[in-house]
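Structural characterization, general
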Amino acid sequence: MDTYLSQTRKSVECISDYETIHAVLGNAAADLDSVISSLVQAFYLYQINSSPKTLIVPVLNIPRSDYYLKTETIHILKQHRITAELLTFRDDLNLLELHNLKKLKLTLVDQNVLPNKDLPLEECVVRVIDHRSRERPESSFCNVTVEPVGSCCTLIADEIFKGSYSNQIDVTVATLLFTTILLDTVNMSKDAGRGTAKDEEMLQRLEVVIPNACREKTFKEIQDVKYDLSNFTTLDILQKDLKVISGNGTSIAMCSITMKIQDFIKREALENSLNKFAELQATKAVVLMGVIVINGKTLRDLGIFSLSKNFQDKIIESLKTCDTPDLNLEVIPHDSKNLVVFSQGNNKANRKMVLPILKSLLTSEDFSRTKENL
Ligand SMILES: [Mn+2]
């Protein structure tokens, strides 16, 4: 894998030598699942590619300068001799320009539709592999695999095991997939409810490849890295695992944070940081989801920040009244001015399930009528 990536990095520097650039692009949160899915899928496509004029390149969907936030990814890739110098980031190549030159093909992993700012690239999408609910229209021409499993890496593993190169899943590839699936499924914890039979099947098949595979040890190590926020500023923590959704010309930033929001709000000058963050993201509202795991049990809470009381109320109402899923929210009193905090009784409802609630708020007719008053 490291040899492939270092070759690819050099090839990106002389991109005009190629007729086709096939980029494998994860989602813009660039979490571990997105990054490992794109690295492994690209490596696999490279092995089955027979055209010397095609360059297959995994692209991390963040600027290079944000990589320091991705501690789980940095940690695991380092163990396999993969440093930032071997990786290609979104600002290392101009996808739109490649598209204009009619040279671009795109495989989307861990996302099934492009965000608005990337919609001009839609024509280039040839393949989609994702585990969140399908937003892509049925009519789309490309080959789409969307299955509700715990980790996109499970679908990537399944694809490779089904293909003719499955014997080339080496220890590095197997370990990267194995670790990501464990993290995404909370080590297949029943309580978390994320892992499916297919996740379990892939873990078992990958275990065969990895010498002395140990789920407990691997999971604990990556989980500890994920939950270690000691070197981060408040802005870093907000930025670390971020998704932005938009509709009707308005957006909401949703940050997943690996500590309780009840504890996060005790940080110094929190409201200032939230304000600054909202400004940087050009958004009027920030939703925080705190998630911690204690003895295999996942606990969640939510914070809703907005300088517009009106907008904040609308978000809270849509979250409280939703019954698919019912989040079971209880307000937690505190004295922060523009932030309302709730404990979330329904611990199975992760960000993937909350985002569509916010999305339907932003795209609702009622909202578009009243949004001028935000
Ligand atoms: Mn994912």
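Residues numbered from 1 in each chain as written. Predicted model: local features only at pLDDT ≥ 70, side-chain atom pairs only at ≥ 80, totals over all residues. Heavy atoms only, no water.

Looking at an unreviewed UniProt entry, one finds the chain named prune and attributed to Acanthosepion pharaonis. Note on the chain: under the UniProt heading Sequence similarities (unreviewed entry), the record states "Belongs to the PPase class C family. Prune subfamily." What the UniProt record of the chain gives under Cofactor (unreviewed entry) is the line "Mn(2+)". (UniProt positions renumbered as here; feature names shortened; annotations may be inferred.)

What the 6 strands build is an open sheet, ordered β3-β2-β1-β4-β5-β6; its pairing is parallel. In the strand order of this sheet, the two ends are held by β3 (88–89) and β6 (143–146), each with one partner. (Pairing = 2+ DSSP bridges. Helix = DSSP H or I, 4+ residues; strand = E, 2+ residues; numbered from the N terminus.)

Between any two of four tetrahedral donors, the ideal angle at the metal is 109.5 degrees; between two of six octahedral donors, it is 90 or 180 degrees. Coordination of the manganese ion by the protein comes from D33 (OD), D110 (OD) and H131 (NE2), over a distance range of 2.1 to 2.3 Å. All donors of the manganese ion belong to a single chain; written as a sequence motif, their spacing is D-x76-D-x20-H. With D33 in helix α2 (residues 32–48) and H131 in the loop between β5 (125–130) and β6, this pair connects stretches of sequence that are 98 residues apart. Each member of the pair, D33 as well as H131, is classed as buried. (Donors = N, O, S within 2.8 Å, 3.2 Å for Na, K, Ca; no water. Buried < 20%, exposed > 50% of the residue type's maximum accessible area, 1.4 Å probe, protein only.)

This paragraph deals with the layout of surface pockets. Empty space within the largest pocket amounts to approximately 1300 Å³. Those elements that place two or more of their residues in the lining of the largest pocket are β7 (242–247) and α13 (351–363). Sorting elements by how many residues they give to the lining of the largest pocket places α13 first, with 6 residues. Here the lining of the largest pocket is composed, by residue class, of 18 nonpolar, 10 polar and 12 charged. The two domains that each donate at least three residues to the lining of the largest pocket are domain 1 (2–224) and domain 2 (234–373). (1 Å grid on protein atoms, 1.4 Å probe; cavity = no way out; pocket = protein on both sides within 12 Å on 5 of 7 lines; lining within 4 Å. Points joined across faces, edges and corners; volume = space filled by probe spheres on them. Nonpolar A, V, L, I, M, F, W, Y, C, P; charged D, E, K, R; others polar. Domains from an automatic or database assignment.)

For the pair α2 and helix α5 (residues 152–162), interaxial distance at closest approach is 9 Å and the crossing angle is 15°. As the angle between them shows, α2 and α5 are arranged roughly parallel. For α2 against α5, the interelement crossing comes out left-handed. Along the contact surface, α2 presents D33, I36, S37, V40, Q41 and Y44, while α5 presents C152, C153, I156, E159 and I160. Classifying every residue of the contact of α2 with α5 gives 7 nonpolar, 2 polar and 2 charged. (Axes fitted to C-alpha atoms, helices over the stretch in contact; angles between N-to-C directions. Parallel < 35°, antiparallel > 145°, perpendicular 65-115°, else oblique. Left-handed = near helix turned anticlockwise from the far one by under 90°. Contact = heavy atoms within 4.5 Å.)

Take the packing of helix α6 (residues 171–184) against helix α8 (residues 215–227) next. Their axes nearest at 9 Å, the elements α6 and α8 cross at an angle of 70°. With respect to each other, α6 and α8 are oriented roughly perpendicular. Within the contact between the two elements, α6 uses F178, T179, L182 and L183 and α8 uses R215, T218, F219, I222, Q223 and K226. Residue classes in the contact of α6 with α8 are distributed as 5 nonpolar, 3 polar and 2 charged.

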